[in-house]
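Chains, contacts and geometry: an overview
Residues per chain are reported as follows:
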Amino acid sequence: TASTLLVIENVWLETMTLMAITCSLPVVSNVWWTLSRKAALASVSNCEEVLSCWLNSTPGLLLQIADLQLTKGGWASTKKASLEALLALDLSRLTSEQVTAINDLYIDLCAEQVPVLSAQFAQAAEGQGWRFRLDTRLLEILSGEKVELRHLRPLYNLLIEEAKHW
């Protein structure tokens, strides 16, 4: 089915930049999984953009990477069953202010070029770049707490090492 929210199906890990994207019009793809909005979320404005931010954040990325099926070399795929079981942000528990703030973050990040994952992790470990801005701002919106580099650097350093195996 056509959708405006897509999650990557097959990925070359060395060149991957994003796990999820949104489109302005509903599309069908043979290399991306399309995700449909549940009826229960009909009242949540911009839910595709909010989910895209979550799926591309480091917590969302880790959940997806854990279930990626390595196929050959640096190629991996997301199976439909894994996608259906993927833990995601519960949008029904977000306030309208949180949804608005995440949507604003989405708009800000869309204006930027996104580097490959390995570069994202390296920049983030230095407290810079697209991934660092996404993670810190999203986690601050969701938790209401200040998120600093010292909280995330150990995770980024582990991801830098993991990316070397791709």
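Throughout what follows, the structure given in this document is the object of discussion.

Reading the values: rules and limits
Residues numbered from 1 in each chain as written. Predicted model: local features only at pLDDT ≥ 70, side-chain atom pairs only at ≥ 80, totals over all residues. Heavy atoms only, no water. Salt bridge = Lys/Arg side-chain N within 4 Å of Asp/Glu carboxyl O. Helix = DSSP H or I, 4+ residues; strand = E, 2+ residues; numbered from the N terminus. Buried < 20%, exposed > 50% of the residue type's maximum accessible area, 1.4 Å probe, protein only. Pairing = 2+ DSSP bridges. Core = buried A, V, L, I, M, F, W, Y, C linked by side-chain atoms within 4.5 Å. Contact = heavy atoms within 4.5 Å.

Some words on the pattern of salt bridges
- Overall, the coordinates contain five salt bridges when judged by the stated rule.
- Between Glu 112 and Arg 133 there is a salt bridge, and its shortest N-O distance comes to 2.1 Å. Pair noted here: Glu 112 is in the loop between helix H4 (96-110) and helix H5 (117-125) and Arg 133 is in helix H6 (residues 129-143), with a separation of 21 residues, a long-range link.
- For Glu 112, a relative accessible area of 31% gives the class partly exposed.
- By relative accessible area, Arg 133 is classed as partly exposed at 35%.
- We note a salt bridge from Arg 131 to Asp 135, for which the minimum N-O separation is 4.0 Å. Of this pair, Arg 131 and Asp 135 both sit in helix H6, four residues apart, which is roughly one turn of that helix. Here Arg 131 and Asp 135 have matching classes, each one buried.

Thoughts on the pairing of strand E1 (residues 3-8)
- Most of E1 sits inside the fold, with six of its six residues counted as buried.
- In the sheet, E1 pairs with strand E3 (residues 20-27) via four bridges, with the strands oriented antiparallel. Paired with Val 7 across the bridge in E3 is Ala 20.
- Where E1 lies against strand E4 (residues 32-35), four bridges are found, and the strand directions are antiparallel. Bridging across to E4, Leu 6 finds its partner in Thr 34.

Some remarks on the nonpolar core
- Counting residues in each nonpolar core, the largest one holds 25 residues, and the members touching the most others are Val 50, Leu 55, Leu 89, Leu 91, Leu 94, Ile 102 and Leu 134.
- Contact partners of Leu 94, with chain neighbours within four places excluded, come to Val 50, Leu 89, Val 99, Ile 102 and Leu 142.

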